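So the chains spell out like this:
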Amino acid sequence: MIFNRYTTYRPGLFARLLPSGRWKLRLPTATASSVELFMGTRAELCCLDITDIKIKKALLWHTVEVRMRSHVETLSCLGEDAANRLANDLHRFVNRYLLELIGSDQEALKVVDAKLEPLIEGKRQYLAQADLAQAIASVSGLAAAALSHPLFDADGITEAMEANLPRSLSFLTDPDRRHRYNNEFVAAELTRYAPFFDHLDNRSLSDQKRESCIRLEDSNLLIASAGSGKSATMVGKVAYVLDKGLYQPEEILVLAYNRTAAEELKERIARQLGVQPANLQCKVTTFHALGRGIIELVEAKPPQLANWVDHPAGEARVIAKIIEDLMQLDAGFAKVWIELLVLYPQADIPASVFDSDADYHRYISARRRGRDVSIGTLSGVYVKSLQEQTMANWLWLNTVEFEYERQIATEDEDGTTRHVHPDFYYPASKTIHEHLAIDSGGSSPFANYVEHADSKMAAYSRTKLDAFATNQLRLTTGRFSFNSRPSFQNEKFSSNNEAFRKS
């Protein structure tokens, strides 16, 4: 509803009878520096103090949370449409004010430009969003404050405004430009620092690990398996930023999940930097130790831990209880959790991911320690690899009849009969399915494996048997895809594979 110079937002008539529904927000229709909120008393919410606007769904109502620098205002008892409208309108209102501030102080923008240019000139360093924010924060004035505001949306900048902005500010108004700059920087840095990464932490880092060291975004997510080089990458990142002079050792914090990992990281970083672990100025510790230290520093006493913390199975029991509750309350979670347990019971990682054969064999040994070589499936059949387990479970869940390693008679080149045992046999279509330990480049970690596989597939062809093969990364025939989870493609197979048509 529009009253004169304001747009007013409030819950519906019935919701206003509730204590949490007794509020009213007014947005000026013209650009202004604040909005009015009535909750018994009148308060002004300054646009520069509003740092975030979120919508939360409750059992009956939606709530708009307006996060201020010092507190949070909660606007409850709204329907979904009303909550979305309020959140969107408030965000636009704040951004309209920020854009006005930016356009009103050209001198301040020139000072910001002068701070950004040294970072960009000559591609000296990777340019993270935090680097831009830090340069802007060093400049006083409302225009600089608006540029660094969390709700600033560059999409609102008009062509006329952009024409008057200094050159370097396009890194703020055009995110793609920063991404292009960083991609060019990484490519050049990989060449420049090649000798550095060739002999780091007693190994030569892979291209992916080198790029992980060079990219210094505000947040970097590195997903890797056990033994595949996460620790080496962390050592490399610390060594790289220190070599570049981007940080001082005492400004670096390295965290690990357990004490053993933290001690190993500390020793490896110290060795790479050529100092004794006791003299290492970088702080290397665990998440728990860091949290405990912060609490003890703030509270002036050690934290009171839950009584299950020191029990050997305490953490597992708490997590199991959380999962059990979610299974009962959330049908979507229950479905995903069951699928996770069935199709992805353990990671199955190809040898090509590891830095060395030794790392790969250590990984295999760790996965098999305490287990038999054979692996169980839902159907009761025992298979020999984790990927075969995933496929067998998928087939069982989708009621596809199969036989594992059924004996099949084939014909050799000299006409003699040879009996082989393909991984899967589908009796409904009399189809043979071999899952090969061969990567996308056509190689295998096992000696003579590729030649043996080629011979086997040729024998099926001579015997006029319907057969296809999959490998570690994809199906070689294009009929199936097991890249992330088993699924049938939308392609029709030959007539003797009628049983496998899927939509």
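Refer to the preceding data block for the structure.
Residues numbered from 1 in each chain as written. Predicted model: local features only at pLDDT ≥ 70, side-chain atom pairs only at ≥ 80, totals over all residues. Heavy atoms only, no water.

### Points about the pairing of strand β5 (residues 41-46)
At step 1: Inspection of the sheet shows strand β4 (residues 34-39) paired to β5 by six bridges, in the antiparallel sense. Of the residues in β5, the one forming a bridge with Phe38 is Arg42.
At step 2: Between β4 and β5, which follow one another and run antiparallel, lie one residue, and Gly40 among them has a positive phi close to 85 degrees. (Pairing = 2+ DSSP bridges. Helix = DSSP H or I, 4+ residues; strand = E, 2+ residues; numbered from the N terminus.)

### Re the sheet that holds strand β17 (residues 431-435)
The strands making up a sheet are joined through hydrogen bonds of the backbone, oriented either antiparallel or parallel.
At step 1: As summarised here, the arrangement of the four strands in space is β13-β16-β17-β18, forming an open sheet in which the pairing is mixed. Of all the strands in the sheet, the pair left with one neighbour each is β13 (403-404) and β18 (466-470).
At step 2: Note: β13 against strand β16 (residues 424-426), two bridges, orientation antiparallel. Bridged to Tyr404 within β16 is Phe424.

### A look at helix α2 (residues 106-120)
At step 1: With 15 residues, α2 ought to run about 21 Å at 1.5 Å a step, and its terminal C-alpha atoms sit 21 Å apart, in line with that.
At step 2: Listed in full, the buried residues belonging to α2 are Ala108, Leu109, Val112, Asp113, Leu116, Glu117, Leu119 and Ile120.
At step 3: Looking at the packing, one finds that the buried side of α2 touches α1 (80-104), α3 (129-137), α4 (142-147), α6 (170-173) and α7 (175-192).
At step 4: Trailing α2 by a residue or two, Gly122 shows a phi angle of about 70 degrees, which is positive. (Expected span 1.5 Å × (residues − 1). Buried < 20%, exposed > 50% of the residue type's maximum accessible area, 1.4 Å probe, protein only. Contact = heavy atoms within 4.5 Å.)

### Here we look at the packing of helix α10 (residues 230-244) against helix α11 (residues 259-273)
At step 1: Put simply, α10 and α11 touch, their axes get as near as 10 Å, and they point 40 degrees apart. The angle between α10 and α11 places the two elements in the oblique class. Crossing handedness for the pair α10 and α11: right-handed. Residues Ser231, Ala232, Met234, Val235, Val238, Ala239 and Leu242 of α10 form the contact with α11, whose participating residues are Leu265, Arg268, Ile269, Gln272 and Leu273. (Axes fitted to C-alpha atoms, helices over the stretch in contact; angles between N-to-C directions. Parallel < 35°, antiparallel > 145°, perpendicular 65-115°, else oblique. Left-handed = near helix turned anticlockwise from the far one by under 90°.)

### A short note on the environment of Ala128
At step 1: In this fold, Ala128 is placed in the loop between α2 and α3.
At step 2: According to the relative accessible area criterion, Ala128 is buried, its value standing at 3%.
At step 3: Here the alpha-carbon distance between Ala128 and Arg178, two residues 50 residues apart in the chain, equals 8.3 Å.
At step 4: Apart from residues lying up to four places away in sequence, Ala128 is in contact with Arg178, Leu216, Glu217 and Asp218.

### Describing the pattern of salt bridges
At step 1: One pass over the structure, following the stated rule, counts 21 salt bridges.
At step 2: Residue Arg42 is joined to Glu36 by a salt bridge in which the shortest nitrogen-to-oxygen separation is 2.7 Å.
At step 3: In this structure Arg42 comes out as partly exposed when scored by relative accessible area, which is 44%.
At step 4: Residue Arg42 pairs with Glu44 through a salt bridge whose shortest N-O separation is 2.9 Å.
At step 5: Salt bridges here are not isolated pairs; linked through shared partners, they connect Arg26, Glu36, Arg42 and Glu44. (Salt bridge = Lys/Arg side-chain N within 4 Å of Asp/Glu carboxyl O.)

### Observations regarding the sheet that holds strand β7 (residues 62-68)
At step 1: Here we have three strands laid out as an open sheet, ordered β6-β7-β8, and antiparallel in their pairing. The sheet is open, and its two borders are formed by β6 (50-57) and β8 (72-78), each paired with just one other strand. Between one strand and the next, the sheet's axes are offset by a mean angle of 15 degrees, whatever the strand orientation.
At step 2: Relative to β8, β7 is paired through five bridges, and the arrangement is antiparallel. Paired with Glu65 across the strands is Thr74, a residue of β8.
At step 3: Helix-sheet contacts for α1 involve β6, β7 and β8, and the interaxial angle to β6 is about 170 degrees.

### Here's the deal with unusual backbone geometry
At step 1: Unlike most non-glycine residues, Cys77 shows phi in positive territory, near 65 degrees.
At step 2: Among the secondary structure elements, Cys77 is positioned in strand β8.
At step 3: Cys77 sits in the buried class, given a relative accessible area of 2%.
At step 4: In this structure, Asp201 takes a positive phi of about 55 degrees despite not being glycine.

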